[in-house]
Amino acid sequence: MDLTRDEYPRSSKYDAEWLLDCDMGPHPLWLLEDLARDLDLQPGMRVLDLGSGKGATSVFLTKEYGVRVWAADLWVDPTEAAATFARQGVDVTALKAEAHALPFAREFFDAIVCIDAYEYFGTADGYLAYLTSFLKPGGQLGIATPAMTAEIRDLGYIPEHIKKVVGWEAIAWHTADWWRFHWEVTELVEVTSARLQESGWRDWLTWAQVSSERNGKPDASLEMLEADQGEYLTFALVTARKPG
Ligand SMILES: C[S@@+](CC[C@H](N)C(=O)[O-])C[C@H]1O[C@@H](n2cnc3c(N)ncnc32)[C@H](O)[C@@H]1O
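Residues numbered from 1 in each chain as written. Predicted model: local features only at pLDDT ≥ 70, side-chain atom pairs only at ≥ 80, totals over all residues. Heavy atoms only, no water.

## So, the side chain of S212
Thought 1: If you trace the backbone, S212 turns up in helix 10 (residues 200–215).
Thought 2: Discounting residues that sit within four places of it in the chain, S212 has contacts with K217, P218, D219 and L222. (Helix = DSSP H or I, 4+ residues; strand = E, 2+ residues; numbered from the N terminus. Contact = heavy atoms within 4.5 Å.)

Put into structure tokens, the structure is as follows:
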């Protein structure tokens, strides 16, 4: 099982079996490594990993950028995530938190990152104002989220192969331009980058194939990705800075 890639040198250092044990969606470290190219993460910064899942991204943030991480997630028991952090020898604070009721002081974080989770809670118009209240002036926000090459609103329908697997929840999958406008128009942040990953569909497919092989049964998204052939599906990487 080879998950090493020249374009993801930092991620390539991590054990594929361990990553697959943490599996909750497409390769989280590839997404984060690419997203981090558009962020300025400096040692000692306080970073919220929102929707951190089983914790792979929090381990990566700590080890690769020397930042201090709070890993907040709703579905995964923080005890499980804390055990991962202990085994990996990283000092990360794990907590159960709902994205609309975060237990932090205002302006606490230098950066907030969110890998493959923002689509579950972040598309409502008011959410950016709430989330950025936890950022210091000048703080950064970065998300990697499943995306479409065309807006479903413009298509007028959810493509059948996507609807079959994701159902109505696909309406939270947007283009990078949608995200740029949605954030920029508020003037709450300056959008520093909003792009669709060129390799997004291919990376996602690779992960689904490897995960299927490892688990001995097709990954839930495999059929959808094979049918898509990169026509609609990829990931959006969006970063912004709070004025300050
Ligand atoms: C697809 S998983 C991704 C996990 C991890 N970031 C990764 O890439 O491996 C989505 C995560 O979003 C979290 N999530 C979904 N809705 C949430 C909410 N309302 N508040 C906090 N976390 C939420 C879930 O707990 C889940 O772990």
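## Overview of the site of the ligand
Thought 1: Neighbouring the ligand are 16 residues, the closest being G51, D73, W75, E98 and I115.
Thought 2: One nitrogen or oxygen atom from the main chain of W75 is found 2.9 Å from an oxygen atom belonging to the ligand.
Thought 3: I115 places a main-chain nitrogen or oxygen 2.7 Å from a nitrogen atom of the ligand.
Thought 4: Summarising the interface, the protein chains cover 96% of the accessible area of the ligand, which totals 590 Å² for the free molecule.
Thought 5: Grouping the constituent residues of the shell around the ligand by class yields 10 nonpolar, three polar and three charged. (Near = heavy atom within 4 Å. Polar contact = N/O pair within 3.5 Å; in protein donor to acceptor, adjacent residues only side chain to side chain. Areas by Shrake-Rupley, 256 points an atom, 1.4 Å probe, with all protein chains shown as cover. Nonpolar A, V, L, I, M, F, W, Y, C, P; charged D, E, K, R; others polar.)

## Quick look at the pattern of salt bridges
Thought 1: Within this structure, the stated rule accounts for 12 salt bridges.
Thought 2: For D34, the salt bridge goes to R195, with nearest N and O atoms at 2.9 Å. Taken together, the residues span a long stretch of sequence, with D34 in helix 2 (residues 28–36) and R195 in strand 6 (residues 190–196) at a distance of 161 residues.
Thought 3: Judged by its relative accessible area of 7%, D34 is buried.
Thought 4: Overall, R195 belongs to the partly exposed group, its relative accessible area being 26%.
Thought 5: With its nearest N and O atoms 3.8 Å apart, the salt bridge here joins K163 to E160. Remark: E160 and K163 occur in helix 8 (residues 160–166); sequence separation between them is three residues, near one turn of the helix.
Thought 6: The class of K163 is partly exposed, set by a relative accessible area of 40%.
Thought 7: Shared partners join several salt bridges into a network, and the residues in it are E33, D34, R37, D38 and R195. (Salt bridge = Lys/Arg side-chain N within 4 Å of Asp/Glu carboxyl O. Buried < 20%, exposed > 50% of the residue type's maximum accessible area, 1.4 Å probe, protein only.)

## Notes on helix 3 (residues 56–65)
Spacing of three or four residues puts side chains on the same side of an α-helix, whose turn is 3.6 residues.
Thought 1: Among the 10 residues that make up helix 3, nine are buried, leaving the element largely enclosed by the rest of the structure.
Thought 2: Taken together, the buried positions of helix 3 are A56, T57, S58, V59, F60, L61, T62, E64 and Y65.
Thought 3: At its buried positions, helix 3 is contacted by helix 1 (16–21), helix 2, strand 1 (46–50), strand 2 (68–73), helix 4 (78–88) and strand 4 (109–115).
Thought 4: Two residues or fewer past helix 3, G66 is found with a positive phi of approximately 65°.

## What to know about the sheet that holds strand 3 (residues 93–96)
Thought 1: Here we have seven strands laid out as an open sheet, ordered 3-2-1-4-5-7-6, and mixed in their pairing. Both edges of this open sheet fall to strand 3 and strand 6, since each of them pairs with a single strand only. Averaged over all neighbouring strand pairs, the angle between strand axes comes to 15°, with direction disregarded.
Thought 2: Bridge count for strand 1 against strand 4 is three bridges, and the pairing is parallel. Looking across to strand 4, one finds that V47 is bridged to A111.
Thought 3: Those strands touched by helix 4 are strand 2 and strand 3, and its axis lies near 165° from that of strand 3. (Pairing = 2+ DSSP bridges. Axes fitted to C-alpha atoms, helices over the stretch in contact; angles between N-to-C directions.)

## Description of the environment of H27
Thought 1: Secondary-structure assignment places H27 in the loop between helix 1 and helix 2.
Thought 2: H27 sits in the buried class, given a relative accessible area of 2%.
Thought 3: The spatial distance from the C-alpha of H27 to the C-alpha of K164 is 22 Å, given a sequence separation of 137 residues.
Thought 4: Once residues within four sequence positions are removed from consideration, H27 is found in contact with L3, S11, L19 and W207.
Thought 5: A polar atom in the side chain of H27 sits 3.3 Å from the backbone nitrogen of W30.

## Focus: unusual backbone geometry
Thought 1: In this structure, E107 takes a positive phi of about 60° despite not being glycine.
Thought 2: Examined against the element boundaries, E107 turns out to sit in the loop between strand 3 and strand 4.
Thought 3: Positioned with a positive phi, D116 is a non-glycine residue whose angle comes to about 55°.
Thought 4: Take D116: it is sitting in the loop between strand 4 and helix 5 (118–121).
Thought 5: What makes D116 buried here is its relative accessible area of 17%.

Function cannot be inferred from these measures alone, as they are strictly geometric.
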